[in-house]
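Letter by letter, the chains look like this.
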Amino acid sequence: MADLELYNVRTDGWCLISLAASLLVLSRAYSRGGINRSYSKAFIAVSIFHHITTMMGAYQHYKLDSHYTKAMWIGVWVNAFLTAVGGIVLGGLGSDSVSRQKIA
């Protein structure tokens, strides 16, 4: 199996795990006819997991001169940015000022 094929299999595998976890979280959040917002932290955590695993997969090629492309640059640095943003949002959801706001 070629190097790029291993990258695709691993990254796609982690993405499928992330998708399955997202669907589980969303199905619990929307069960019983209403929206349970307590699952928002879990959904953001799953998204962060997805961005970290995708970034790790892209980095395997980004670090090699023979495999370095703009797509791998985007795969590393955009996912790093989205991981940081997700961490900030997750931290903000834990603060009292955000969690006490009423959402209509």
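Residues numbered from 1 in each chain as written. Predicted model: local features only at pLDDT ≥ 70, side-chain atom pairs only at ≥ 80, totals over all residues. Heavy atoms only, no water.

For helix α3 (residues 70–94), built from 25 residues, the straight-helix expectation of 36 Å at 1.5 Å per residue is met to within 8% by its first-to-last C-alpha distance of 36 Å. Every buried residue of α3 is accounted for by Met72, Gly75, Val76, Asn79, Thr83 and Gly86. (Helix = DSSP H or I, 4+ residues; strand = E, 2+ residues; numbered from the N terminus. Expected span 1.5 Å × (residues − 1). Buried < 20%, exposed > 50% of the residue type's maximum accessible area, 1.4 Å probe, protein only.)

Attention shifts here to the packing of helix α2 (residues 40–62) against α3. Where α2 contacts α3, the axes come no closer than 8 Å and their chain directions differ by 160 degrees. Overall, the two elements α2 and α3 adopt an arrangement that is roughly antiparallel. Between α2 and α3 lies a crossing whose hand is left-handed. In terms of residue class, the contact of α2 with α3 is built from 16 nonpolar, 10 polar and one charged. (Axes fitted to C-alpha atoms, helices over the stretch in contact; angles between N-to-C directions. Parallel < 35°, antiparallel > 145°, perpendicular 65-115°, else oblique. Left-handed = near helix turned anticlockwise from the far one by under 90°. Nonpolar A, V, L, I, M, F, W, Y, C, P; charged D, E, K, R; others polar.)

The next subject is the confidence of the model for the protein. Across the protein, the average pLDDT comes to 82, with 86% of residues at 70 or higher. Looking across the protein, the model is least confident in helix α4 (residues 96–99), with a mean pLDDT of 49, and most confident in α3, with 91. Note that pLDDT drops below 50 for residues 98–104; the model gives that stretch five contacts with residues more than four away or on any other chain. (pLDDT = per-residue confidence, 0-100. Contact = heavy atoms within 4.5 Å.)

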